[in-house]
Amino acid sequence: MKNFIKKTAGFILIFTLLVLSVNFNSCSKKEKSGPSLSGDEAERVYVAPGKWDEFYYFISGGFSGQLAAYGIPSGRLLRVIPVFSLNPENGYGFTEETKPMLNTSYGFIPWDDSHHTELSQTDGIPDGRWAFINGNNTPRVARIDLKTFRTVEIIEIPNSAGNHSSPFITPGTEYIVAGTRFSVPVENRDVPISTYKENFRGTISFIKVDKDKGDMSISFQLITPPYDYDLSHAGKGPSYGWFFFSCYNSEQANTLLEVNASQKDKDYIMAVNWKKIEEYVSQNKGTMMTSKYAHNVFDESTQTARSEMLTSTRTFKPEDIPGAIYYIPCPKSPHGADVDPTGKYIVGGGKLATVIPVFAFDKIKAAIESNQADGNVEGIPVLKYDACLAGEVKNPGLGPLHTEFDDKGFAYTSAFISSEIVKWNVETREVVDRMPVYYSVGHLTIPGGDSRKPWGKYLLSMNKMTKDRYLPTGPELTQSAQLIDISGDKMKLLSDFPTIGEPHYAQGIPADLVTKNQLKIYKIEDNKNPFAIKSINDARAVREGNVVHIYLAATRSHFTPDNIEGVKLGDTVYFHMTNLEQDWDIPHGFAVMGNQNSEMLVMPGETCTLKWYPDRAGIYPIYCTDFCSALHQEMQGYVRVSTKDSNVPISYSLGNDKK
Amino acid sequence: MEIHPFNFNLMKKSSRILILILVLSLIAVYFVPLWNISLEAPQYPEGLGMQIWLSKMTGDLNTINGLNHYIGMKTIQPDSIQELKYMPFIIGFIIMTGLIVFLFNKRTLLLSWIILIIITGIAGMYDFWLWEYDYGHNLDTTAAIIVPGMNYQPPLIGSKQLLNFTATSMPDTGGIIIFAVGITAVLILIYEYKFNKTQNVKN
């Protein structure tokens, strides 16, 4: 009996220990059941020191307001390009030359929410000249020059709110579109919010882009029913001349949209025949509507931005443009309206839908011609769903959002709720692969994935929730991007990396399409900034009433002049610094003590101006803030500020050379 | 008749044509750099260099002068370098005298011409060496970087490490043409003496 008890106790003990140890094992496993590593992932993403990545990915900063350039496959952050938000790191929005870029009809605005980026295309293929990005909060579109990675133009969109379905592009970069996510009265005026259905409108804007210089101007605006216009893409090939906008909230709710905009089984994709509307524009049709909106241009030869206020746009109501605008039903609160590389198919991503509808353009055309409509909305024909449909993708994951394409006839859709990417065949609508992503993917991007010729090697999944993916950084965590290999039949996860801000959408392009145009320095002889000096001998300080202009030359390793006297209290001082270096990667920075302003970073051959309003008499050091040379620590100077009634004359010197 | 190798004797037709070709190729020296000095350092993956031509200097002079001021080297001002003013005339003289050799076709003239080229070459290299010595040794005593006992004389021909830079001094296309012309002229002369004995007898 004693033995039996002992044995039983022993068994129970061992059994308990086993159970406990198994539990511990599965608890301590950090790995979720994800794709298994098959070996060469690390090699695929390793870009050795001194070597360059294959692709640039331009990833939107979301609530940071900027545009980030990453190298893929390494995932290295190359540069954060300031667009809509101030950047004290280099003086964007702080220097006198760049302040006008952030001007709007509401005044100077230091931030915006930049969701989507789009690269310029030639003949439907990304060409590496410009990147465009939208500002969601105070509706704007910005253009970035990819020779210099600088924001060179920002145009405000009037009669709009929530510029979301932007800045998508036509295959020849003829137009960039903007579209309102938030309907507001057009023109905006004081009305009760509950009069949404009567008074609020949506606005779709087509911005013309100059094919050589890239300059933007609003060609026309469509004043539409007050749906939320979410995303859009241009038709190409057979569907060239059309643009497709997804819209939700056809319920026209103005409160608790979470519930009220999710009631209907189908919302719409709006098809706009912009080619046809061009004819109306050339015939001067439509209504010129008064509005106030800013157009800001950074002139790269004078290195100065200029802001002008424009006052009217051409608008069309649906009844002005018969035959140019149609609604196609789409389940359910669709997000993406994506066009495949052949231009034959339009894919709607209904974020509350259980299928992905794929519409065929030839069927849409046939439905239009044979008038297969189910009524209309304010005169806009609503085509029959089945007449336009090529097929539905079944089992597409929960909450399909956005689709991009590869060069082998496959589509990849992001599913937010089930946190996965689903790969399906465009012609057969069969799901061929799925991959979980961590966590909750929003958009995904393939270089050229929304163009006529995708480069089907890498896919980047931009995820909305990070949780435990990286070392924690307090309650506020980064977002994450995951790099996936799509060159084979099955997708393979290669790596992931944290991103700035919140990337919504991105555009990838083979690196050499951008590197071949890169500017290394600004040629000093081409510098037409009105405050530039071309040689050390032109450096000086000059008083004009109670404004003092100090023209500084920056060379390794001193400012000329570096001792300035004669500034008085009550003066406004402008430091105009020209970096006279003509050598690669030798910027100089500038800061002055106590300045309610940022520093400025000046590239070789460039001139920038920083304003200073000293508030007390004394001696103020100035210094170079960017490590430029072995004697960078010695690159400093002093400015003497005297009292208001003093008669110290303006004088300036370097070494023993006093003026 | 005695056979005296230093009679004023005519040269073979092929030698004469070759001499013309040499003279004409010297004209190219006006259009290409004579000499190249290149500088390599870890932080300059793109390399730096300067080229000396007959009448000018090209290359990254601004950058090189900017870097040189740390060690107190004089700035290289092409406008104040006298050699750049008279080198075109020296080469012009050599071309003229070469034409005379071609026209009169005398072996002794060829010998004189070769001696002229050799003397010019040696004088040029010596002058270059002196210039390099001056710039490399006569440094500003208030310079920021002073390495005791260090001088920055670039090599005449070849490579030398100067602080973080590897300086390489080599003839460029023009310099190579002049060397080649000189050597070919010597070979022609040797050929004429060794193998052209029949002409000697005729005279």
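Because the structure is predicted, anything quoted here is derived from the model rather than measured. (Residues numbered from 1 in each chain as written. Chains lettered and ligands numbered in written order. Predicted model: local features only at pLDDT ≥ 70, side-chain atom pairs only at ≥ 80, totals over all residues.)

1. Quick look at the overall build of chain A
Here is step 1: Tallying secondary structure elements over chain A gives eight helices and 46 strands in all.
Here is step 2: Principal axes of the C-alpha set define a box for chain A whose edges measure 95 × 95 × 50 Å.
Here is step 3: By the burial criterion, 49% of the 659 residues in chain A qualify as buried.
Here is step 4: Contacts in chain A between residues far apart in sequence, at least 24 positions, make up 62% of those at least 6 positions apart. (Helix = DSSP H or I, 4+ residues; strand = E, 2+ residues; numbered from the N terminus. Buried ≥ 20, exposed ≤ 12 C-beta atoms within 10 Å, placed from the backbone. Contact = placed C-beta atoms within 7 Å.)

2. What to know about the sheet that holds strand β1 (residues 55-60) of chain A
Residues and elements named next belong to chain A.
Here is step 1: With respect to topology, four strands assemble into an open sheet ordered β3-β2-β1-β34, the strand pairing being antiparallel. Because the sheet does not close on itself, it has two edges, and the strands there are β3 (76-81) and β34 (506-510). Mean inter-strand twist for the sheet, computed between neighbouring axes without regard to direction, equals 20°.
Here is step 2: The pairing of β1 with strand β2 (residues 67-72) spans six bridges and is antiparallel. Residue pairing in the sheet places Phe58 in a bridge with Ala69 of β2. (Pairing = 2+ DSSP bridges. Axes fitted to C-alpha atoms, helices over the stretch in contact; angles between N-to-C directions.)

3. What to know about the nonpolar core
Note on soluble globular proteins: their nonpolar side chains tend to be buried together.
Residue and element names in this part refer to chain A.
Here is step 1: Counting residues in each nonpolar core, the largest one holds 119 residues, and the members touching the most others are Ile207, Phe245, Ile269, Val272 and Ile328.
Here is step 2: With six residues, strand β15 (residues 242-248) is the largest single contributor of residues to this core.
Here is step 3: Not counting chain neighbours up to four residues away, the residues in contact with Val272 comprise Ile204, Leu222, Trp242, Phe243, Phe245, Ala324 and Ile325.
Here is step 4: Phe531, Ala553, Ala554 and Leu610 belong to the second largest nonpolar core, which has 37 residues in total. (Core = buried A, V, L, I, M, F, W, Y, C linked by C-beta atoms within 7 Å.)

4. A short note on the pairing of strand β10 (residues 175-179) of chain A
All names here are of chain A.
Here is step 1: Within β10, five of the five residues are buried, which leaves the element mostly enclosed by the surrounding structure.
Here is step 2: Neither face of β10 is exposed, since Tyr175, Val177 and Gly179 on one face and Ile176 and Ala178 on the opposite face are all buried.
Here is step 3: Sheet topology note: the β10/strand β12 (residues 200-209) ladder contains five bridges and is antiparallel. Pairing of Val177 across the sheet is with Phe206, part of β12.

5. Digging into the environment of Ser60 of chain A
Residues and elements named next belong to chain A.
Here is step 1: If you trace the backbone, Ser60 turns up in strand β1.
Here is step 2: A residue is classified by how many C-beta atoms lie within 10 Å of it, and Ser60, with 30 of them, is buried.
Here is step 3: Once the C-alpha coordinates of Ser60 and Asp113 are considered, the two residues, 53 residues apart in sequence, prove to be 9.3 Å apart.
Here is step 4: Ignoring any residue separated from it by four or fewer positions in sequence, one finds Ser60 in contact with Leu67, Ser114, His115, His116, Thr117, Ile133, Pro503, His504, Tyr505 and Ala506.

6. Comments concerning the domain arrangement of chain A
Residues and elements named next belong to chain A.
Here is step 1: By domain assignment, chain A separates into domain 1 (55-471 + 490-515) and domain 2 (524-658).
Here is step 2: Just the C-alpha atoms count here: the centres of domain 1 and domain 2 sit 44 Å apart.
Here is step 3: On the domain 2 side, the residues contacting the eleven residues of domain 1 number 17 residues.
Here is step 4: For the side of domain 1 that touches domain 2, the residue count by class is two nonpolar, seven polar and two charged. (Domains from an automatic or database assignment. Nonpolar A, V, L, I, M, F, W, Y, C, P; charged D, E, K, R; others polar.)

7. Quick notes on the interface of chain B and chain A
Here is step 1: Taken together, the contacts link six residues of chain B with seven residues of chain A.
Here is step 2: Grouping the constituent residues of the side of chain B that touches chain A by class yields two nonpolar, three polar and one charged.

8. Section: helix α2 (residues 61-68) of chain B
Turn by turn, an α-helix covers 3.6 residues, leaving residues three or four places apart pointing in a common direction.
Here is step 1: Within the span of α2 of chain B, buried status applies to Thr63, Gly66 and Leu67 of chain B. When α2 of chain B is viewed along its axis, its buried side chains cluster within an angular range of 95° and face the same direction.
Here is step 2: Residues of α2 of chain B that are buried sit in contact with β36 (547-555) of chain A together with β2 (48-52) of chain B. (Arc of directions from axis to C-beta.)

9. Concerning the pairing of strand β32 (residues 479-485) of chain A
Residues and elements named next belong to chain A.
Here is step 1: Of all seven residues in β32, six are buried, a share of seventy percent or more.
Here is step 2: Relative to β32, strand β31 (residues 458-463) runs antiparallel, the two sharing six bridges. From the neighbouring strand, Leu460 faces β32, where its bridge partner is Leu483.

10. Describing the confidence of the model for chain B
Here is step 1: Chain-level statistics for chain B give a pLDDT mean of 87 and a share of 92% at 70 or above.
Here is step 2: Interface scoring of the predicted complex returns ipTM 0.71; its pTM is 0.87. (pLDDT = per-residue confidence, 0-100.)

11. What about the sheet that holds β32 of chain A?
All names here are of chain A.
Here is step 1: The antiparallel open sheet is built from four strands, whose spatial order is β30-β31-β32-β33. Across the chains shown, the open sheet's two edge strands, defined by having one partner strand only, are β30 (441-445) and β33 (492-499). Along the sheet, successive strands turn relative to each other by an average axial angle of 25°, direction set aside.

12. A short note on helix α5 (residues 173-195) of chain B
Residue and element names in this part refer to chain B.
Here is step 1: For α5, which comprises 23 residues, the first-to-last C-alpha distance of 32 Å matches the rise-based estimate of 33 Å (1.5 Å per residue) to within 8%.
Here is step 2: Three or more residues of α5 are buried, namely Gly174, Gly175, Ile178, Val181, Ala185, Ile188 and Glu192.
Here is step 3: Tucked inside the fold, the buried residues of α5 contact α1 (13-27), β1 (35-40), α4 (107-137) and β5 (165-171). (Expected span 1.5 Å × (residues − 1).)

13. A closer look at unusual backbone geometry
Residues and elements named next belong to chain A.
Here is step 1: For the bond running from Ile72 to Pro73, omega is 20°, close enough to zero to count as cis.
Here is step 2: Unusually for a residue other than glycine, Arg429 sits at a positive phi of about 60°.
Here is step 3: Along the chain, Arg429 turns up in the loop between β28 (420-425) and β29 (431-436).
Here is step 4: You can call Arg429 buried: it has 20 C-beta atoms within 10 Å.

14. Here we look at the packing of α1 of chain B against helix α3 (residues 83-104) of chain B
Residues and elements named next belong to chain B.
Here is step 1: Between α1 and α3, the least distance of the axes is 9 Å, while the angle of their chain directions is 165°. Relative to α3, the element α1 lies roughly antiparallel. Two packed elements cross with a definite hand, and for α1 against α3 that hand is left-handed. Only Ile91, Ile94, Ile95, Gly98, Leu99, Val101 and Phe102 of α3 make contact with α1, whose side of the interface consists of Arg16, Ile19, Leu20, Leu22, Val23, Leu26 and Ile27.
Here is step 2: When the residues that make up the contact of α1 with α3 are grouped by side-chain class, the tally is twelve nonpolar, one polar and one charged. (Parallel < 35°, antiparallel > 145°, perpendicular 65-115°, else oblique. Left-handed = near helix turned anticlockwise from the far one by under 90°.)

15. Description of the environment of Pro357 of chain A
Residues and elements named next belong to chain A.
Here is step 1: Turning to its location among the elements, Pro357 is positioned in strand β22 (residues 355-360).
Here is step 2: Overall, the presence of 27 C-beta atoms within 10 Å leaves Pro357 in the buried class.
Here is step 3: When the C-alpha positions of Pro357 and Trp584 are compared, they lie 52 Å apart, and in sequence the two are 227 residues distant.
Here is step 4: Residue contacts for Pro357: discarding those within four places in its chain leaves Cys330, Pro331, Gly348, Leu389 and Glu392.

16. Thoughts on the packing of α4 of chain B against α5 of chain B
To describe two helices that pack against each other, one gives the angle between their axes and the distance between the axes.
Residue and element names in this part refer to chain B.
Here is step 1: For the pair α4 and α5, interaxial distance at closest approach is 10 Å and the crossing angle is 150°. What the angle tells us is that α4 and α5 run roughly antiparallel. The two elements α4 and α5 cross, and the hand of that crossing is left-handed. Counting all contacts with α4, which are made through Arg107, Leu110, Leu111, Trp113, Ile114, Ile117, Ile118 and Gly121, the residues of α5 involved are Ile178, Val181, Gly182, Ala185, Val186, Ile188, Leu189 and Glu192.
Here is step 2: Broken down by class, the residue content of the contact of α4 with α5 amounts to twelve nonpolar, two polar and two charged.

17. Topic: the confidence of the model for chain A
Here is step 1: Of the residues in chain A, 97% reach a pLDDT of 70 or more, and the chain-wide mean stands at 93.
Here is step 2: Taken together, the stretch residues 26-34 of chain A has pLDDT below 50 and engages in one contact with residues farther than four places along the chain or on a different chain.

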